[in-house]
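# Coordinate analysis (summary)
Each chain is listed here by its residues.
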Amino acid sequence: MNEVPAHVGIIMDGNGRWAEARGRPRTDGHLEGLKTARKIVGAAVRSGLQYLTLYVFSTENWKRTRTEVNFILGLVKRYLIAELEYYRKDHLRLRHAGDKAGLPAEIAAEIQNVCDETKDHAGMQVILALNYGGRDEIVRSLRRIIAEDKTAMVDENLIHAHLDNPDIPDPDLIIRTAGEFRTSNFLLWEGAYAEYYISSTLWPDWTEEHFNKAIASYSGRQRKFGAVST
Ligand code: IPE
Ligand code: IPE
Ligand code: MG
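The following refers to the structure shown. (Residues numbered from 1 in each chain as written. Chains lettered and ligands numbered in written order. Predicted model: local features only at pLDDT ≥ 70, side-chain atom pairs only at ≥ 80, totals over all residues. Heavy atoms only, no water.)

## Quick word on the site of ligand 1
Around ligand 1, the surrounding shell holds 13 residues, and the nearest of these are Asp13, Gly16, Arg17, Arg26 and Arg64. Between ligand 1 and glycine 16 there is a distance of 2.9 Å, counted from an oxygen atom to a backbone nitrogen or oxygen. One nitrogen or oxygen atom from the side chain of arginine 26 is found 2.9 Å from an oxygen atom belonging to ligand 1. Here ligand 1 loses 86% of its free accessible area of 380 Å² to cover by the protein chains. Looking at the shell around ligand 1, the elements with two or more residues in it are α1 (15-20), α2 (26-47) and α3 (66-89). In terms of residue count, α1 provides more of the shell around ligand 1 than any other element does, 3 residues in total. Of the residues belonging to the shell around ligand 1, the class tally is 3 nonpolar, 5 polar and 5 charged. (Near = heavy atom within 4 Å. Polar contact = N/O pair within 3.5 Å; in protein donor to acceptor, adjacent residues only side chain to side chain. Areas by Shrake-Rupley, 256 points an atom, 1.4 Å probe, with all protein chains shown as cover. Helix = DSSP H or I, 4+ residues; strand = E, 2+ residues; numbered from the N terminus. Nonpolar A, V, L, I, M, F, W, Y, C, P; charged D, E, K, R; others polar.)

Written as structure tokens, this is what we have:
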């Protein structure tokens, strides 16, 4: 049986449906989803996690209306400013995964600020996957390799070493809310051997109990990594 996972990734899905079911604009769902994210960060700390990656905005989410995109990015900025004190108090560390160059400068600067401010904190690390795509991350890794040495002998270790956060262990568990059975381009490289947990509950309705149930499900599984179990 597994211990508590060290690293959990969450595909926080269903904000739009939550709002639409109430006849409210999709943006209301994102606002509610942010409250859930704050709650689940606390739950993750209490459960003893070391790393929590939150899928906030994908490289494909630019296809949404400008209103929705701006609202989500605005929420992220508000989150970063509002949570810094909590990150300080509880010694949490903030990190980013994704293409910073493609983000509005003020958002990228705010992320950098909180990452810098919290870089020496030894508590749980919260990784915001923002303007993140698994394919994009692999492409950027290969570009960094080529920029360093065009004749490099490419292998898995070298690609891994040039990902966004090579020091962070692969996710043990990837949770997806709102009942979709797909990765939507989340942690394609790192998640090769992640356990998956799909919940039909929409992200704004998620509670600490839902999170603990996902962790318990993980703990009861047998991981084999391609080998034959004894
Ligand atoms: C997840 O909720 C948040 C983001 C993708 C930014 P959605 O906005 O995708 O919610 P649904 O899938 O439309 O319900
Ligand atoms: C995945 O959800 C991205 C995030 C949660 C940030 P989407 O709602 O964008 O995924 P699809 O479009 O249903 O695959
Ligand atoms: Mg969705």
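On we go.
## Focus on the packing of aromatic side chains
For any pair of aromatic rings, the description rests on two quantities: the centre-to-centre distance and the angle between the ring planes. This model, assessed by the stated rule, comprises 8 aromatic pairs. Note on tyrosine 86 and tyrosine 87: the rings are 6.0 Å apart at their centroids and 90 degrees apart in plane angle, and the pair reads as edge-to-face. By relative accessible area, tyrosine 86 is classed as partly exposed at 22%. Members of the aromatic cluster, connected to one another through ring pairs, are Tyr55, Tyr132 and Phe186. (Phe/Tyr/Trp six-rings, centres within 6.5 Å; stacked < 30°, edge-to-face > 60°. Buried < 20%, exposed > 50% of the residue type's maximum accessible area, 1.4 Å probe, protein only.)

## Quick word on the pattern of salt bridges
Applying the stated criterion to the full structure yields 23 salt bridges. Across the pair glutamate 68 and arginine 26 runs a salt bridge, and its minimum N-O distance is 2.9 Å. In this pair, glutamate 68 sits in helix α3 while arginine 26 sits in helix α2, placing the two residues 42 residues apart along the sequence. Assessed through its relative accessible area of 7%, glutamate 68 is described here as buried. (Salt bridge = Lys/Arg side-chain N within 4 Å of Asp/Glu carboxyl O.)

## Let's talk about the side chain of histidine 30
Looking at the secondary structure, you find histidine 30 in helix α2. Looking at histidine 30, its side chain comes within polar contact range of the side chain of glutamate 68, at 2.8 Å. Excluding residues that lie within four positions of it along the chain, histidine 30 makes contacts with Asn15, Arg64, Glu68, Phe71, Ile72 and Leu75. (Contact = heavy atoms within 4.5 Å.)

## Topic: the sheet that holds strand β4 (residues 125-132)
Spatially, 6 strands are ordered β3-β4-β2-β1-β5-β6 in an open sheet, and the strand pairing comes out parallel. Each edge of the sheet is formed by a strand with only one pairing partner; in this case those strands are β3 (93-97) and β6 (195-198). Across the sheet, the mean angle from the axis of one strand to that of its neighbour is 20 degrees, orientation sign disregarded. Examined bridge by bridge, strand β2 (residues 51-58) and β4 share 7 bridges and lie parallel to one another. In the strand pairing of β4, leucine 54 is matched with leucine 128. (Pairing = 2+ DSSP bridges. Axes fitted to C-alpha atoms, helices over the stretch in contact; angles between N-to-C directions.)

## A few points about the site of ligand 2
Residues in contact with ligand 2, as listed here, are Ile11, Met12, Asp13, Tyr55, Val56, Phe57, Asn61, Arg64, Arg176, Arg182 and Ser184. Contact between ligand 2 and asparagine 61: an oxygen atom at 2.9 Å from a side-chain N or O atom of the residue. Arginine 64 is positioned such that a nitrogen or oxygen atom in its side chain is 3.2 Å from an oxygen atom of ligand 2. Burial of ligand 2 by the protein chains amounts to 78% of its free accessible area of 390 Å². For the shell around ligand 2, the element with the most residues is β2, which contributes 3 residues. Within the shell around ligand 2, the residues separate by chemical class into 5 nonpolar, 2 polar and 4 charged.

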